[in-house]
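An overview of the molecular structure
The lines below spell out each chain.
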Amino acid sequence: MSRVPGIRRAFWLALSRRADREVAEEFAFHLEMRARALEARGWTPAAARAEALRLFGDVEEARTYCRRVDERRERQTMRLELLQELRQDAAFALRTLRKTPGFTAVAILTLALGIGANTAIFSVVRGILLRPLPFAEPARLVVVPALYNGTRSTVSPANFYDWRAENGSFTGMAALTGNSAVLTGHGNPERLTGFDASPDLFRILGVRALAGRSVFTPDEGAFQGPHVVLLRESLWRTRFGADPGIVGSTIVLDGVPTTVVGVVPDQGAWPSKAQMWRPLTFDPKELPKTRGAVYLTVVARLRPGVTLERADADMRAISRRLEQRYPESDTHASATVVPLREWIVGNLRTPLLVLLGAVGFVLLIVCANVANLFLVRAAAREPEIAVRTALGAGRARLVRQLVTESTVLSLIGGIGGVLFALWGTRALVRVAPASIPRLDAVHVDALVLAFTLVVSVLTGIVFGLIPARQVVRPDLSATLRESGRGSKARPGSRRARGVLVVSEVALAVMLLAGAGLLIRSFHQLTNVDPGFRPEHAVSFELALPEARYDSVDRQRAFVHQLTERLRAIPGVRSVGASFGLPLTGFGFSLSFEVQGRPPAKPGEEPVADVRIITPDYLKAMGIPIVRGRGFTPEDREGARQVVLVTEATVARFFPGEDPIGRHITLGWGRDGKHLGGDVIGVVGDVRQNSLAEAAEPEIYAPYDQWPVESFNVVMRGSPEGTAILGAARAAIRDIDPDLAMSSVRTLDALVAESVAQPRFYMTLLAAFAVVALLLSAIGIYGVIAYLVSQRAREIGIRIALGASREHVVRMVVRQGAALAVTGIAIGIAGALLLTRLMTSLLFGVTPSDPATFGAVVVVLGAVALLASWVPARRAARVDPALAMRAE
């Protein structure tokens with residue numbers, strides 16, 4: 001020790017009494033290194049030693065340092081010992097599980113089902129609701145809809161230009177509207193779904209082009225500018241083979257050569273159904289006349305630091321100024337600001353959260369079932385636990401061992417759950433209705449896997465603690481005595497199993513009630529009369545390119561020729577065309593005036609949806625004419641203008657009077673002439689938006705008097721719809737080979753699509769409810785069967801003393817019924833509270849519908865009695881002699 005020089009020697013002597021001399025040596029070494037470093041910088045040895053002492057502290061601080069090192073090493077040692085014990089526990093758990101392959105397989109499969117279902121639904125919820133939108137700083141993106149009498153609406157071009165010029169809340173505003181075009185010259189003609197958009201739409205969204213650019217230049221965005229287009233990545237890959245030279249090349253859209261200036265990645269494409277985007281332009285001379293035409297969707301980006309509330313107040317202030325300037329069009333008109341995420345997925349939040357809660361209930365039922373299995377298994381291991389306790393194992397140590405076993409089992413089930421979730425997520429995306437947005441963002445990612453890991457661990461702890469607490473007890477002598485006579489259920493264990501079964505039944509009641517309400521609601525919805533007959537009818541959509549059909553005469557001539565060719569197809573009984581189809585929400589609303597009535601105040605004019613149809617459309621759709629007559633070929637251009645109204649129009653705007661003969665003038669027209677005419681008939685109401693929404697007032701106008709370039713064709717004929725469609729394609733190809741049919745479907749499919757989302761939610765919730773019902777039945781059966789096995793001696797004595805088999809069956813069934821009744825009562829109370837959250841998903845059914853709740857009680861009661869009756873029959877066949885001999 002005397003060889004330790006200078007400062008090292010001083011600290012060595014100061015710390016020599018410590019047991020950990022290696023720590024003292026290490027600390028002294030650091031002091032010497034610091035002193036040498038100071039000497040190398042020119043310090044004298046004495047000054048360097050003094051500075052080192054000052055920087056590193058005195059002897060007391062050195063002792064504190066050493067103590068901390070000791071504590072850290074002790075903690076590390078404890079952690080290593082704990083990890084070693086956990087490894088031993090995990091290895092023991094695996095050996096134990098291998099000894100009971102039947103129990104292990106059932107538990108793992110049950111856990112995999114519960115965890116996998118939760119993971120799959122969480123993947124959907126995360127993809128649709130939680131995953132950020134694929135745009136730059138998506139939280140600052142908003143949609144700005146107009147408000148007319150408090151109802152959200154699209155925006156007029158003139159108002160959009162004023163909003164963009166006067167607002168102080170946005171860094172940019174863009175408008176867009178749906179448009180389509182037929183692509184020719186690259187294989188068969190194909191109708192593309194597209195949008196006309198402001199030149200800077202994707203700059204505002206923060207989306208970069210995959211190739212070329214994603215914005216239009218000022219020249220391209222000017223009125224009558226060059227014809228340019230942005231293509232979607234998927235279209236570029238499928239139709240153009242991902243040609244890297246597509247940018248700058250020319251394609252033909254609606255017969256017009258158009259230059260491709262960029263490719264937008266699929267991830268950043270918005271709206272999601274768009275395949276292409278062209279510049280949205282307006283004639284400056286005609287723009288002031290568009291203030292009453294609302295058809296634009298407006299998206300904007302908030303300035304940094306601007307809140308949603310401030311932007312909303314800004315837009316309302318602008319609207320008030322416009323109302324003062326343009327009272328004839330903007331009276332009672334306003335605007336609001338809605339986050340883009342809410343605009344896209346707002347109406348999906350409630351159903352998805354309901355599904356997530358439902359699948360969470362399924363997982364709780366799984367936990368209860370597996371906990372019951374562990375209780376039965378743990379009862380058989382009580383002698384083993386008692387021996388380990390007698391040998392010195394602590395209560396906490398035993399509980400940790402049992403919880404480790406359940407966690408290991410749960411993690412294995414979690415691995416199976418991930419495999420189930422991978423399949424289930426793909427299946428959900430595949431069967432989900434196309435109307436659900438952001439399905440492309442649904443997949444299993446790192447966060448979903450982390451969710452699965454957390455769920456697996458928590459599940460293992462939950463269903464492991466209950467049997468662990470029951471089986472680990474200090475009464476060693478009682479346990480050892482019982483082990484000598486055979487297994488016997490203790491009151492605490494029986495109560496725990498009963499509580500678990502009651503919980504399963506209560507959760508199953510809540511799920512069955514929710515599923516029953518959705519089933520009843522869906523049944524009510526599908527029984528709603530849509531106002532037309534969908535059977536044996538097919539439809540498709542056509543759009544006439546403006547370049548070749550630039551006059552109403554050409555449009556009218558094409559429709560005449562087409563309908564004549566289609567009527568000649570064998571099996572076709574009627575053919576009609578309309579601007580938009582029912583149940584699609586497509587159409588346009590116009591204000592109107594009734595001749596002989598005083599003009600309404602601005603903003604209070606009557607409004608109705610307008611449909612432009614050919615004479616045979618009502619017949620092809622099966623829409624009845626209630627009074628008067630329908631359109632005929634004589635209602636052509638140059639003849640007296642006529643219209644039809646629906647019963648809803650009469651009820652709202654002609655109460656107590658006959659509308660036939662009244663003249664209606666609508667607030668839109670062309671060539672100086674307004675759309676409208678004399679009312680010649682009343683037709684039945686048709687659900688235009690959805691079956692759940694009441695029919696709105698509608699006015700029909702004849703196509704010959706008001707031709708349009710886009711329309712839906714409906715053909716009613718024989719059940720062989722595919723043959724009719726094949727002949728229709730051939731007829732269109734003969735008339736104009738550059739036209740393409742789109743939205744081809746039967747009217748039955750149209751009705752099915754309109755209820756696709758309610759059907760999807762109902763199916764999923766019903767599947768979860770069925771799983772919950774089966775698990776509850778298994779839980780009741782398992783508990784009653786175990787109790788029967790525990791009471792074999794008692795039952796044998798009862799039979800030996802004269803008890804009838806029927807009495808034994810009733811006694812056992814009564815036990816199961818008591819558990820079921822308790823669970824049903826608790827479940828009904830919980831369901832009455834929780835089903836109120838589903839109000840927005842129901843149609844024609846209240847959240848406390850007595851018929852639904854009554855059916856749930858009957859079904860679950862019957863299942864519970866059946867699950868109790870099976871072990872009861874086994875109990876009734878107990879041989880008293882064998883039972884006594886076994887005991």
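Computed from a prediction, not measured in an experiment: that's the story for all the values here.

The rules we used
The numbers attached to residues start from 1 for each chain and follow its sequence in the written order. Only residues with pLDDT of at least 70 are given local features in this predicted model, and only at 80 or more are side-chain atom pairs given and counted; all residues enter the totals for whole chains, interfaces and linings. Side-chain figures throughout are based on the complete set of non-hydrogen atoms in the structure, without hydrogens or water. Numbering of helices and strands runs from the N terminus; a helix is a DSSP stretch of H or I covering at least four residues, while a strand is a stretch of E covering at least two. Burial status follows relative accessibility: with a 1.4 Å probe on protein chains alone, a residue under 20% of its type maximum counts as buried, one over 50% as exposed, and anything between as partly exposed. We call two residues in contact whenever any of their non-hydrogen atoms come within 4.5 Å of each other. Under the convention used here, a 1.4 Å probe and the Shrake-Rupley method define accessible areas, while residue burial counts only the protein chains that appear. Comment: axis = line fitted to C-alpha atoms, over the contacting stretch for helices; angle = value between 0 and 180 degrees taken between N-to-C directions. Oblique is the label for any angle not under 35 degrees, not over 145, and not in the 65 to 115 range, which are roughly parallel, roughly antiparallel and roughly perpendicular in turn. Left-handed describes a crossing whose near helix is turned anticlockwise from the far helix by less than a right angle; the clockwise case is right-handed. One bridge is not enough; two strands pair if DSSP finds at least two bridges between them. Take a side-chain nitrogen of Lys or Arg and a carboxyl oxygen of Asp or Glu: if they are within 4 Å of each other, that pair is a salt bridge. Under the pairing criterion, centres of Phe, Tyr and Trp rings, with the six-membered ring standing for Trp, must be within 6.5 Å; the plane angle then separates stacked pairs below 30 degrees from edge-to-face pairs above 60, leaving the rest tilted. Put simply, a charge is over a ring when the Lys NZ or the Arg CZ is close to the ring centre, within 6 Å, and near the line of the ring normal, within 35 degrees. Working definition of a nonpolar core: buried Ala, Val, Leu, Ile, Met, Phe, Trp, Tyr and Cys residues. They are joined through side-chain atoms within 4.5 Å. pLDDT is defined as a per-residue confidence score from the predictor, taking values between 0 and 100. Positive: Lys, Arg. Negative: Asp, Glu. His and the chain ends are not part of the count. Any N or O atom pair separated by 3.5 Å or less is treated as a polar contact, with the protein-specific requirement of one donor-capable and one acceptor-capable atom, and with residues adjacent in sequence counted only for side-chain atom pairs. Working rule for helices: expected span equals 1.5 Å times residues minus one. Along the arc lie the directions from the helix axis toward the C-beta atoms.

Helix and strand counts for the protein stand at 27 helices and 24 strands. Burial analysis of the protein (887 residues in total) assigns 49% to the buried set. Sequence separation of 24 or more characterises 81% of the internal contacts of the protein that already satisfy a separation of 6 or more. Accessible surface computed for the protein: about 41200 Å², of which carbon and sulfur atoms make up 58%.

Okay, the packing of helix 6 (residues 157-166) against helix 9 (residues 308-325) next. Running from amino to carboxyl end, helix 6 crosses helix 9 at an angle of 130°, the nearest separation of the two axes being 11 Å. Relative to helix 9, helix 6 is oriented oblique. Once helix 6 is placed against helix 9, the crossing between them reads as right-handed. Contacts between helix 6 and helix 9 pair N159, D162, W163 and E166 from the former with M315, I318, S319, R321, L322 and R325 from the latter.

What follows deals with the sheet that holds strand 3 (residues 151-153). Strand pairing in a sheet relies on backbone hydrogen bonds. The paired strands run either parallel or antiparallel. Strand order across the open sheet formed by 3 strands is 3-2-12, with antiparallel pairing between neighbours. The strands lining the two open edges of the sheet, one partner per strand, are strand 3 and strand 12 (333-335). Put simply, the sheet's adjacent strands are angled 40° from each other on average, direction ignored. In this sheet, strand 12 lies alongside strand 2 (residues 146-148) in antiparallel orientation, the contact comprising 3 bridges. Paired with L147 across the two strands is S334, which belongs to strand 12.

Let's shift gears to the packing of helix 25 (residues 805-834) against helix 26 (residues 850-876). The N-to-C vectors of helix 25 and helix 26 enclose an angle of 150°; their axes lie 8 Å apart at closest approach. The orientation of helix 25 relative to helix 26 falls into the category roughly antiparallel. Two packed elements cross with a definite hand, and for helix 25 against helix 26 that hand is right-handed. Contacts from R805, V808, V809, V812, V813, G816, A817, A820, I824, I828, A831 and L832 in helix 25 reach F853, V857, L860, G861, A864, L865, S868, W869, A872, R873, A875 and A876 in helix 26.

Let us now look at unusual backbone geometry. Residue W270 is joined to P271 through a cis peptide bond whose omega torsion reads -5°. Here P271 is to be found in the loop between strand 9 (256-264) and strand 10 (276-279). Backbone geometry places E137, a non-glycine residue, at a positive phi of 45°. Within the element layout of this structure, E137 appears in the loop between helix 5 (101-130) and strand 1 (141-143). Of note in this structure, Q224 is not a glycine but carries a positive phi near 60°. Residue placement: Q224 occurs in the loop between strand 6 (211-212) and strand 7 (228-232).

A few words on the pattern of salt bridges. Following the criterion strictly, the structure yields 31 salt bridges and no others. Between E753 and R745 there is a salt bridge whose closest N-O contact spans 2.8 Å. Through salt bridges with shared partners, a single ionic network connects R126, R131 and D445.

As for its position among the elements, N159 is in helix 6. With near-sequence residues (within four places) excluded, N159 lies in contact with Y148, R291, L322 and D330.

Among the structural elements, L322 can be located in helix 9. A sequence separation of 159 residues divides L322 from W163, and the C-alpha atoms of the two residues are 9.3 Å apart.

For the rest of this paragraph, the subject is the packing of aromatic side chains. Overall, the coordinates contain 12 aromatic pairs when judged by the stated rule. Centre to centre, the rings of F579 and F586 are 5.1 Å apart; their planes meet at 70°, and the pair counts as edge-to-face. Among the residues examined, F586 registers a relative accessible area of 41% and is labelled partly exposed. Aromatic ring contacts, followed pair by pair, group Y549, F558, Y703 and F711 into a single cluster. Sitting over the face of the ring of Y326, R291 holds its NZ or CZ atom 3.6 Å from the ring centroid. Above the plane of the ring of F654 lies R597, whose end atom (NZ or CZ) is 4.8 Å from the centre.

A few words now on the environment of G861. Along the chain, G861 falls in helix 26. Residue class for G861 comes out buried when judged on its relative accessible area of 19%. Taking the C-alpha atoms as reference points, G861 and V505, 356 residues apart in sequence, are found 9.8 Å from one another.

Membership of the largest hydrophobic core comes to 145 residues, with the highest contact counts inside it found for I128, L205 and W277. Setting aside residues up to four positions removed in sequence, I128 forms contacts with R341, V345, L348, L352, I436, P437, R438, L439 and V442. Ranked by size, the runner-up nonpolar core spans 46 residues in total, among them L544, L562, I569 and V572.

Before going further, it helps to spend a moment on the confidence of the model for the protein. Detailed reading of the predicted coordinates is not advisable wherever pLDDT falls low. Taken residue by residue, the protein gives an average pLDDT of 84. The fraction at 70 or more is 86%. Predicted confidence for residues 12-20 stays below pLDDT 50, and this span has 16 contacts to residues more than four positions away or in other chains.

Our next topic: the side chain of D704. Summarising the element assignment, D704 is placed in the loop between strand 22 (698-702) and strand 23 (710-717). Buried and unpaired, D704 has R556 as its nearest opposite-charge partner, separated by 4.4 Å. A distance of 2.7 Å separates polar atoms of two side chains, one belonging to D704 and the other to H560. Discounting residues that sit within four places of it in the chain, D704 has contacts with R556, H560, P633, D635, R636 and E637.

For helix 9, spanning 18 residues, the distance from its first C-alpha to its last is 26 Å, which sits close to the expected 26 Å at 1.5 Å a residue. Where helix 9 is concerned, the buried positions are A311, D312, D314, M315, I318, S319 and L322. The arc enclosing the buried residues of helix 9, seen along the axis, measures out at 160°, which places them on a common side. Opposite its buried face, helix 9 presents the exposed residues E309, R320 and Q324, each directed more than 90 degrees away. Looking at the buried residues of helix 9, the elements they touch are helix 6, strand 4 (170-184), strand 11 (297-302), helix 10 (327-330) and strand 12.

The next subject is the environment of L842. You can see L842 is positioned in the loop between helix 25 and helix 26. Under the relative-accessibility criterion, L842 is labelled buried at 14%. Spatially, the C-alpha atoms of L842 and S521 are 5.4 Å apart, while their sequence positions differ by 321 residues. Those residues in contact with L842, other than ones at most four positions away along the chain, are L517, L518, S521 and P847.

Of the positions making up helix 22 (residues 747-754), those classed as buried are L747, L750 and V751. The arc enclosing the buried residues of helix 22, seen along the axis, measures out at 95°, which places them on a common side. At its buried positions, helix 22 is contacted by strand 14 (537-543), helix 19 (617-621), strand 23 and strand 24 (742-746).

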